[in-house]
Amino acid sequence: MTEDVHDLVIAGSGVAGLSAAVYAARADLHPLVLEGDEPGGQLTLTTDVENYLGFPDGVGGMDFIQRGKEQAEQFGAQFQHGRIEDAVLDEQPLELSLSNGDTIYTRSLIAATGASARWVGAENEDELMGHGLSTCATCDGAFHRGDDVLVVGGGDSAMEEALFLVKFADSVTIVHRREELSASEIMADRAREHDDIHFRWNTELETIHGSQETGVTGATLVSHSDGYPREQAESGIDVERETVDVSGVFYAVGHTPNTQFLDGTGVEQDESGYLFTQTDGAGRPTARTAVEGVFAAGDVADPRYRQAITSAGTGSMAALDAEAFLETLQDPDEPTSTMTA
Ligand SMILES: Cc1cc2nc3c(=O)[nH]c(=O)nc-3n(C[C@H](O)[C@H](O)[C@H](O)COP(=O)(O)OP(=O)(O)OC[C@H]3O[C@@H](n4cnc5c(N)ncnc54)[C@H](O)[C@@H]3O)c2cc1C
């Protein structure tokens, strides 16, 4: 089996996976990057990235990712389409089963599979994501100075997004499908007490108006006094509809970390599925998970910051930790790495 064993497989080709790939390739680990169903990850969904160091005029999300991929390839990283569906990690080599039926063996694995923001299913969301529709206020809030914007959701993250956005926007309206928030009292109070944050109870977003050229220009909201108005409308009950002028819509209805393939493997997850990484003996952060040879980087292990620059940082940490781990495995009689691809 040795000739079919990779030194390092990186799951995911978003910012974290690419950063890990650059570091690992430069360390001659010949990483194989599995791109999953969304090559390039979330940043490919956005037009302008203005908060990444080194791009004073901003950079397009797709352009940024393309440059990262070229950089990694230039140092010897290989990219392959494929999503990991299952993993057996309790002995060396680690075994990865892909959705196309292939099996890959590797001595180490970096999980950089991200956390997908949930969408609400409004009409036109596919077209307008990254063009006035966003899932990240920290990323895109500053594009909405002086605008009226909507935030969809009722939990802590919706309150946080609204409180952040209101620093830029003229008004923020939180659209919530029920009459009660699921946010903590303290967050809900902060939002309620702000003069420029408004609430639309028992209301859902049905359609987002605009185009990729104009950006978001408005939204159609549906309301029903019993809540869950879209369900009510689908079952034939009359609902109220109103179209409002807004220039931005932010989804804040949660994220789903892409960690299902690690269920039951011993890689520890929190209750939402975000991976836990470990600290070293001195209590400093590492990218190591509870399973030897398995590392985590980027949004998949980060429910808090979820930024490109933090993902790049933890991607580099994971590659350095994987390199150190592989050194502990080194058998002088074995070839260091051979590729199956
Ligand atoms: C609309 C939008 C705008 C944003 N704007 C900014 C911004 O301006 N600035 C900023 O700093 N951040 C921004 N972000 C956040 C930023 O995109 C993320 O923090 C970053 O992409 C996280 O990188 P990641 O590599 O951890 O995960 P992701 O980018 O989510 O990449 C995950 C990768 O894993 C792959 N994958 C998933 N499951 C599997 C599997 N089972 N097997 C193999 N591969 C798998 C996917 O195909 C994908 O390639 C934005 C996000 C969005 C959605």
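Cut-off values and rules
- Position numbers for residues start from 1 in each chain and track the written sequence from start to end.
- A pLDDT threshold of at least 70 governs which residues receive local features in this predicted model, and a stricter bar of 80 or more applies before side-chain atom pairs are shown or counted, although totals over entire chains, interfaces and linings include all residues.
- Think of the side-chain values as coming from all heavy atoms in the structure, minus any hydrogens and water.
- The secondary structure listing takes helices from DSSP runs of H or I that are at least 4 residues long and strands from runs of E that are at least 2 residues long, numbered from the N terminus.
- Throughout, the radius of gyration refers to the C-alpha atoms, and the reference size of a globule is 2.2 Å times the residue count to the power 0.38.
- Relative accessible area decides the class of each residue, using a 1.4 Å probe on protein chains only: under 20% of the type maximum gives buried, over 50% gives exposed, and in between gives partly exposed.
- The accessible surface values rely on the Shrake-Rupley method and a 1.4 Å probe; as for residues, cover is taken only from the protein chains in view.
- Neither His nor the chain ends is counted toward charge; the positive residues are Lys and Arg and the negative residues Asp and Glu.
- The atoms used to mark charge sites are NZ of Lys, CZ of Arg, CG of Asp and CD of Glu.
- The span expected for a helix works out to 1.5 Å for each residue beyond the first.
- Each C-beta atom gives one direction from the helix axis, and the arc is the one those directions make.
- Whether two residues are in contact is decided by their heavy atoms: any pair within 4.5 Å suffices.
- Any carboxyl oxygen of Asp or Glu within 4 Å of a side-chain nitrogen of Lys or Arg constitutes a salt bridge here.

Caption draft 1: A look at the overall build of the chain. Counting its regular elements, the chain contains 8 helices and 19 strands. Taking 341 residues into account, the globule formula puts the C-alpha radius of gyration at 20 Å, and the chain, at 22 Å, falls close to it. Its C-alpha atoms give the chain principal-axis dimensions of about 75 × 40 × 40 Å. Counting all 341 residues of the chain, 48% fall into the buried class. Summed over its atoms, the accessible surface of the chain is roughly 16400 Å², and 44% of this surface lies on carbon and sulfur atoms. Once the 19 positive and 61 negative side-chain charges of the chain are each reduced to a mean point, those two points are 5 Å apart.

Caption draft 2: Local environment of helix α2 (residues 61–74). A rise of 1.5 Å per residue sets the reference length of α2, with its 14 residues, at 20 Å; its end C-alpha atoms lie 20 Å apart and thus fit the reference within 8%. Those residues of α2 lying buried are Gly61, Phe64, Ile65, Gly68 and Ala72. Summarising the axial view, the buried residues of α2 lie within an arc of 95°, below the 170-degree limit, and thus occupy one face. When the buried face of α2 is taken as reference, the exposed residues oriented beyond 90 degrees from it are Met62 and Gln74. Structurally, α2 contributes buried residues whose contacts are with α1 (15–26), β3 (48–49), β4 (59–60) and β5 (78–80). Looking one or two places after α2, you find Gly76, whose phi comes out positive at around 110°.

Caption draft 3: Representation of the pattern of salt bridges within the structure. In the structure shown here, the tally under the stated rule is 8 salt bridges. Residue Arg67 pairs with Asp63 through a salt bridge whose shortest N-O separation is 3.5 Å. Of this pair, Arg67 and Asp63 both sit in helix α2, 4 residues apart, which is roughly one turn of that helix. Classification of Asp63 as partly exposed rests on a relative accessible area of 36%. A network of salt bridges, in which partner residues are shared, links Asp37, Arg83 and Glu85.

Coordinates in, geometry out; function isn't part of it.
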